[in-house]
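Breakdown of the fold
Here's the letter readout for the chains.
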Amino acid sequence: MSLFGQEMRKIWRPGIMAALVVLGGLYYTLRLSFFVEQIDGGRWRWDEQAAEYQLRRELMEQYGPVLDFADLPSLERRLEEEKARFEELVRDVPEAVEAGLTTYDALYAIWDGDIEAVNRLTAPGVTLTLEEGFEILNTVRPNTNYSEVYALDYFLSRASIYTDDVFSLSESPHFEDDPPWVRSRLAELEEQRGLGINLLSEHFPRYFTLEYIKFAAVWVVLSVILLLSPTLVRDRLRRTRAMQWASCRGRRVLEVQMAAGLASSLLATAVNIVVLAVPLAVKGAGSFWDCPLFTCERSPFPWYDWTYGQYLLVMAGMLLVLGLITGALTLFLSQYSANYVPMMLKAVPLFVMVGMLFGYTLMEDMFCFSRTNGLFSSAPPAFEVPVFAAVLALGLGLCAWTCSRQRRREL
C-alpha cells in the first residue's frame, strides 16, 4: 500500500467513524430533523401548510415553475368548486352542523381567531368559545377538504404581491437607505416580479432549506475537526517524528500526511453533503429544482438569477470549501499540539471561529441581501467569496509553511 493510502487508513479509523456516525445521528435528530420535517409544510397529516406545499407541487407539474397571471381565473373557479365540495362534505360532521358552521368562511373565522365573526355565523341560540370553535375545526379538518381549500385560498390571496404596485420592491421605503448596488438589484427583481408567480413557496421549502443549509454547515465543520484533530498528534505521541527526521525522504512524510488530511476533509464533507441531501430528496424538494430562487413574498433576495436547484449546487460547493478550510486549519493546529488535551483546547476556538462565524453566520442566506439575521446589509454582492478564499489561502499557506519548515529543521 502506498504511503498516502496508509495515512488515509490512519485517519479513517473505525472508532472515529463510528463516533462520527453516532454524533451525526444525534445532531440530525436534535437540530436538522426539525427543518426536514417542515420542508413539506409540517409534520401533521391535515396541516394547511402541508396542503399548500402539495398544491404548489401540483401547480408545478401543470404550469411549470412560474405561474402566468392569465391562469389565475381558472384557479379562482377551482376555489369556488372546492368550497362547494367542502359544504357537501361538512354536512357529514354532526358537530359542525349542530353549530351551524357549514361554510368554509365560517370555519376560517375560527382559524383566524375571530370568535365574534364565528358567533354571527352560528345557528340561532348557539354561542361558542374560541376553544370550542377549534374543537369543531379539528373535527372538520380530517373529514373534509378544508386544508385544500385553505391552501388554494391563501395562494390566491398572496398573488396580489406580484400584481399590486403597493408591493413594489424598487419603490419600497424599506430600501431607501441601502447602497446603490442593492437598489440596482431591486430594480432587476422588480422586472422579474411582473413575469408571473413563482411556485417556490416563501416557506416550503425555500426558508427551511436555507435554515437547513446553515445548520448543516455547522455539522460539516464539527465533523472535520473531530476527524482530523488526532491525525498529527498521534504520531507525536508515538514518537515517530524522530525516525522520520532521520532521512530527507522521511521528512517529506508530513507533506503526505497533510495531503491525506486535506483529501479526508473533502471526502468527509462530500459524504455529509450526500447524506444530508437525502432527506430533502425524500421530502420532494427536488420538485422545485427549476423554480427561481427569488420570490417577492419574503426576503432574503438573491444577488443572482439562480434557480432553487442551482443555488443548492452552489451551496454544496461552498460547503466543500468550508470543509477544506476547516481541514487545513485543524491540521496546522494538530501539528503543533503536544498531546490530545492541547489539541482539544485549540479545537474549541477553531469551531467557534469557523463553525459559528463562517458556517452559521456567513452561510445564512448566502449570496442574498436583506438577510434574516439583519447582518451585512451594506455588503457588496458575493462578498463571501473573497472572504472564504482568503481564509482558505491562509489555511493552505500555513500547511505549506509547516511542511517547508519541517524539511529545513535540524536533527
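As a convention, each chain's residues are numbered from 1 in the sequence order in which they are written. In keeping with the predicted nature of the model, local features appear solely for residues at pLDDT of at least 70, side-chain atom pairs appear and are counted solely at 80 or more, and the whole-chain, interface and lining totals rest on all residues. Note that water and hydrogens are dropped before the side-chain values are worked out from all heavy atoms of the structure.

Moving on, we come to the overall build of the protein chain. Helix and strand labels come from DSSP, where a helix needs a run of H or I of at least four residues and a strand needs a run of E of at least two; each type is numbered from the N terminus. Within the protein chain one finds 19 helices and four strands. Values of the radius of gyration come from C-alpha atoms, whereas the globule rule sets the reference at 2.2 Å times the count of residues to the power 0.38. A globule of 411 residues ought to have a C-alpha radius of gyration of about 22 Å, yet the protein chain, at 28 Å, is considerably larger. In this analysis, two residues are considered to be in contact whenever any of their non-hydrogen atoms come within 4.5 Å of each other. At a minimum sequence separation of 6, the contacts of the protein chain that also span at least 24 residues come to 77%. Note on charges: Lys and Arg go in the positive column, Asp and Glu in the negative column, and His and the chain ends are not counted at all. Throughout, a charge is located at the NZ atom of Lys, the CZ atom of Arg, the CG atom of Asp or the CD atom of Glu. Computed over 37 positive and 48 negative side-chain charges, the separation of the two mean positions in the protein chain equals 23 Å.

Attention shifts here to the side chain of Thr209. Here Thr209 lies in helix α12 (residues 206-228). Accessible area is worked out with a 1.4 Å probe on protein chains only. A residue is then buried under 20% of its type maximum, exposed over 50%, and partly exposed in between. Relative accessible area serves as the criterion here: at 2%, Thr209 is assigned to the buried category. Among the polar contacts listed, one links the side chain of Thr209 to the backbone oxygen of Pro205, at a separation of 2.5 Å. Two N or O atoms count as a polar contact when they lie within 3.5 Å, although within protein this holds only if one can serve as hydrogen donor and the other as acceptor, and sequence-adjacent residues are included solely when both atoms are side-chain atoms.

The next subject is the packing of helix α3 (residues 48-63) against helix α4 (residues 72-89). Interhelical geometry of α3 versus α4 gives an angle of 135° and a closest axis separation of 14 Å. Put simply, α3 runs oblique to α4. Considering only the axes of α3 and α4, their crossing is right-handed. Every residue of α4 that contacts α3 at Leu55, Glu58, Leu59 and Tyr63 is listed here: Ser74, Leu75 and Arg78. Between N-to-C directions, angles span 0 to 180 degrees; the directions come from axes that are lines fitted to C-alpha atoms, helices contributing only their stretch in contact. Working definition: roughly parallel below 35 degrees, roughly antiparallel above 145 degrees, roughly perpendicular at 65 to 115 degrees, and oblique for all remaining angles. Helix crossings fall into two classes, left-handed where the near helix is turned counterclockwise from the far one by less than a right angle and right-handed where it is turned clockwise.

As a further point, take the packing of α3 against helix α9 (residues 146-158). The contact between α3 and α9 brings their axes to 8 Å, and the two run at 65°. Put simply, α3 runs roughly perpendicular to α9. Regarding α3 and α9, the two cross each other, and that crossing is right-handed. Contacts between α3 and α9 pair Glu48, Ala51, Glu52, Leu55, Arg56 and Leu59 from the former with Tyr146, Ser147, Glu148, Tyr150, Ala151, Leu152, Tyr154 and Phe155 from the latter. Residues were grouped as follows: Ala, Val, Leu, Ile, Met, Phe, Trp, Tyr, Cys and Pro as nonpolar; Asp, Glu, Lys and Arg as charged; and all remaining residues, including Gly, as polar. Taken together, the residues of the contact of α3 with α9 sort by class into nine nonpolar, one polar and four charged.

Nonpolar side chains (Val, Leu, Ile, Met, Phe, Trp, Tyr) within 5 Å and like charges within 9 Å form the patches, drawn only from residues with over 30% relative accessible area and no salt bridge. The Shrake-Rupley method, run with a 1.4 Å probe sphere, supplies the accessible areas, and residue values consider only the shown protein chains as cover. Whenever Lys or Arg places a side-chain nitrogen within 4 Å of a carboxyl oxygen from Asp or Glu, that contact is recorded as a salt bridge. A surface patch of nonpolar side chains, amounting to about 470 Å² of accessible area, comprises Val22, Leu23, Leu26, Leu30 and Leu226. Looking at which element gives the most residues to the nonpolar patch, the answer is helix α2 (residues 14-39), with four residues. You can see Leu30 is positioned in helix α2. Taking relative accessible area as the criterion, Leu30 reaches 71% and is therefore assigned exposed.

A few words on the layout of surface pockets. In this structure, the largest pocket encloses a volume near 400 Å³. Lining the largest pocket are 18 residues, and of these Leu20, Val21, Trp219, Val271 and Asn272 sit closest to its centre. With eight residues, α2 is the largest single contributor of residues to the lining of the largest pocket. Taken together, the residues of the lining of the largest pocket break down into 14 nonpolar, four polar and no charged. If you add up the space inside the second largest pocket, you get close to 330 Å³. Here the term cavity refers to a set of points on a 1 Å grid, laid over the protein atoms alone, in which a 1.4 Å probe fits but cannot get out; the term pocket refers to an open set having protein on both sides within 12 Å along at least five of seven lines, with lining residues being those that place an atom within 4 Å of a point. Grid points are joined across faces, edges and corners, and a volume is the space filled by probe spheres set on the points.

On to the environment of Met356. In this fold, Met356 is placed in helix α18 (residues 340-362). Between the alpha carbons of Met356 and Ala316 there is a distance of 18 Å; along the sequence they are 40 residues apart. For Met356, the residues in contact, after removing those within four places along its chain, are Phe351 and Thr361.

To continue, consider the pattern of salt bridges. A full pass over the atoms with the stated rule returns 16 salt bridges. Among the ionic pairs, Glu7 bridges to Lys10, the shortest N-O distance being 3.3 Å. With a gap of three residues between them, Glu7 and Lys10 both fall in helix α1 (residues 3-11), about one helical turn apart. Ionic pairing is found between Glu297 and Arg56, a salt bridge with its closest N-O pair at 3.7 Å.

Moving on to the packing of aromatic side chains. A pair of aromatic rings is counted whenever rings of Phe, Tyr or Trp (Trp by its six-membered ring) have centres within 6.5 Å, and the orientation is called stacked for planes under 30 degrees apart, edge-to-face for over 60 and tilted otherwise. A complete count under the given rule lists 25 aromatic pairs for this structure. Pairing Phe34 with Phe35 gives two aromatic rings, centres 5.3 Å apart and planes at 80°, and the pair type is edge-to-face. Phe34 sits in the partly exposed class, given a relative accessible area of 39%. Exposure remark for Phe35: the relative accessible area of 6% places this residue in the buried category. Judged by centre distance (6.3 Å) and plane angle (90°), the rings of Phe86 and Tyr104 are edge-to-face. Taken together, the residues Phe86 in helix α4 and Tyr104 in helix α6 (residues 104-111) connect sequence positions 18 residues apart. Here Tyr104 falls in the buried class, since its relative accessible area comes to 2%. Taken together, the aromatic side chains of Phe86, Tyr104, Tyr108, Trp111, Tyr146, Tyr150 and Tyr154 make up a single cluster linked through ring pairs. Here Arg298 stacks its cationic end above the ring of Tyr207, 4.5 Å away from the centre of that ring. Whether a charge sits over a ring depends on NZ of Lys or CZ of Arg being within 6 Å of the ring centre and within 35 degrees of the ring normal.

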